[in-house]
Amino acid sequence: MLIDSSGLSKVKDSVKKQIFFGNEPTTELIAILSVYFVQGILGLARLAVSFFLKDELLLSPVQVSALLGVVALPWMVKPLFGFISDGLPIFGYRRRPYLVLSGILGAISWVSLATIVHTSWAAALAIALGSLSVAVSDVIVDSLVVERVRTESQANVGSLQALCWGASAFGGLITAYFSGLLLEHFTTRTVFWITASFPLIVSGVAWLIAESPVSKDEENTNLLSVKHQLKQLRQAFSQKSIWLPTAFIFIWQATPTADSAFFFFSTNELHFEPEFLGRVRLVTSLASLIGVWIFQRFLKSVSFRVIFGWSTVISAVLGMTMLLLVTHTNRALGIDDRWFSLGDSLVLTVMGQIAYMPVLVLSARLCPPGVEATLFALLMSVFNLAGMVSYEVGAIIMHWLGITETNFDSLWLLVLITNFSTLLPLPFLNWLPSDDEETETSVLLPDSANSQVPNLVPE
């Protein structure tokens, strides 16, 4: 019996170390990881949304791009959700009720898409509601992670956030391929019905969160804390060392995108099936992990200006290879459309992730003590606002070029414009901190760093 107990103890220690990165696997931790896992697994419906907008609502590339820009709005006001949660407890609780509510809203949004949505406006509202659901749950679970991180031992610094990111990435990976495979056998609305069950997991695990009701004194303290944070944020953004890099990040992210046009080109012109697009999503998910590994292994000590400068130039050059696919030159070279698309997606995603990682590091280093989490969330909101601008400007350019669901004659010009526009931030590289200004900080990246606007079209 003693041997069995000893063996069981060793197994538990091994699981704690290898799977939970040294964190105690409590029911609350399982609940937190479940929320992040759900954020990743919601990717199951990404391709379904794209095909639904294209084939059932008969939207054009311009309309899809404009719509996807608008539904990103909830991610631009994430700090507001944090203030509301801290300052307005529901039945005395600041975390559980908001998680329950977010899960219910998410389920309603997907059920609506599966049943009553038949117009573009209704689709925009339903998708925006789903986006709101994920944004709210993300803010709440991030606050729980921040509270836990404060009690982390020095030996386990960053392990919890890595674990949370891993849960989200795992959810995204296991649904990447199935997002296309399901569409080969079921309708988009059936996929929406399946996806509607996932947000309810968030509502269910919310009751596993250990939380005590707040007193009136605590509520007043929270309101004072919010006012103090707002004052500190105003002071922070009055400093050039903060708003200049923020402006650079905005310009870098706001350049126009051709994602929607490429989705229509891939399905209507190249006739890629959903199953193959699922394969592309799986490849890009793995490529993102490769990009993170390359950055952590070789580039994390390189200056921001060097990384942003070179990654921008290299990405622009590599992006031009899409001209081969658009003009079908790859066929003349004996390269199949599918193999070319897979290889191109792999390389471009790795470069994109390498370029994105410094954004997270820079954003964390810009945050002064006392308002780290709030200012970081605000910086990510600016990043997401730039993403909306990217979609909307892309839609305007597509409209000017006359690109439709069947006319891709000017797609080569769109490729040129979008790739050359990525070079626009280069003259402003001096807005980023120089080598001697880049001081190491102990600020931990809030896990919201890994939460982005849901990308509803394949990269």
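The model shown is predicted, which means the values in this text are computed figures rather than measured ones.

Colleague: If you had to explain the overall build of the protein chain to someone new, which residues and values would you point to?
Modeller: Within the protein chain, the regular secondary structure consists of 20 helices and zero strands. A sequence separation of at least 24 residues applies to 86% of the contacts in the protein chain between residues at least 6 apart.

Colleague: Account for the nonpolar core, with residues named and values stated.
Modeller: The biggest cluster of nonpolar side chains holds 84 residues, and the ones touching the most others in it are Leu53, Phe192 and Leu414. With 12 residues, helix H7 (residues 120-149) is the single largest residue contributor to this core. Apart from residues no more than four positions distant in its own chain, Leu53 is found in contact with Leu58, Leu59, Val64, Leu67, Leu68, Ala123 and Ile127. Formed by 27 residues, the second largest nonpolar core is a distinct cluster that contains Phe248, Leu362, Met380 and Leu429.

Colleague: Could you give me a rundown of the pattern of salt bridges, with the residues and numbers involved?
Modeller: If you walk through the whole model with that rule in mind, you get six salt bridges. The shortest N-O distance in the salt bridge between Asp55 and Lys54 comes to 2.6 Å. With relative accessibility at 41%, the residue Asp55 sits in the partly exposed group. With a relative accessible area of 8%, Lys54 lands in the buried category. Note that Asp337 and Arg331 form a salt bridge whose closest N and O atoms lie 2.6 Å from each other. The partly exposed category is assigned to Arg331, whose relative accessible area is 44%.

Colleague: Quick rundown of helix H3 (residues 46-56)? Include the residues and the values.
Modeller: Most of H3 sits out of view: eight of its 11 residues are buried. Those residues of H3 lying buried are Leu47, Ala48, Val49, Ser50, Phe51, Phe52, Leu53 and Lys54.

Conventions adopted
Residues numbered from 1 in each chain as written. Predicted model: local features only at pLDDT ≥ 70, side-chain atom pairs only at ≥ 80, totals over all residues. Heavy atoms only, no water. Helix = DSSP H or I, 4+ residues; strand = E, 2+ residues; numbered from the N terminus. Contact = heavy atoms within 4.5 Å. Core = buried A, V, L, I, M, F, W, Y, C linked by side-chain atoms within 4.5 Å. Buried < 20%, exposed > 50% of the residue type's maximum accessible area, 1.4 Å probe, protein only. Salt bridge = Lys/Arg side-chain N within 4 Å of Asp/Glu carboxyl O.

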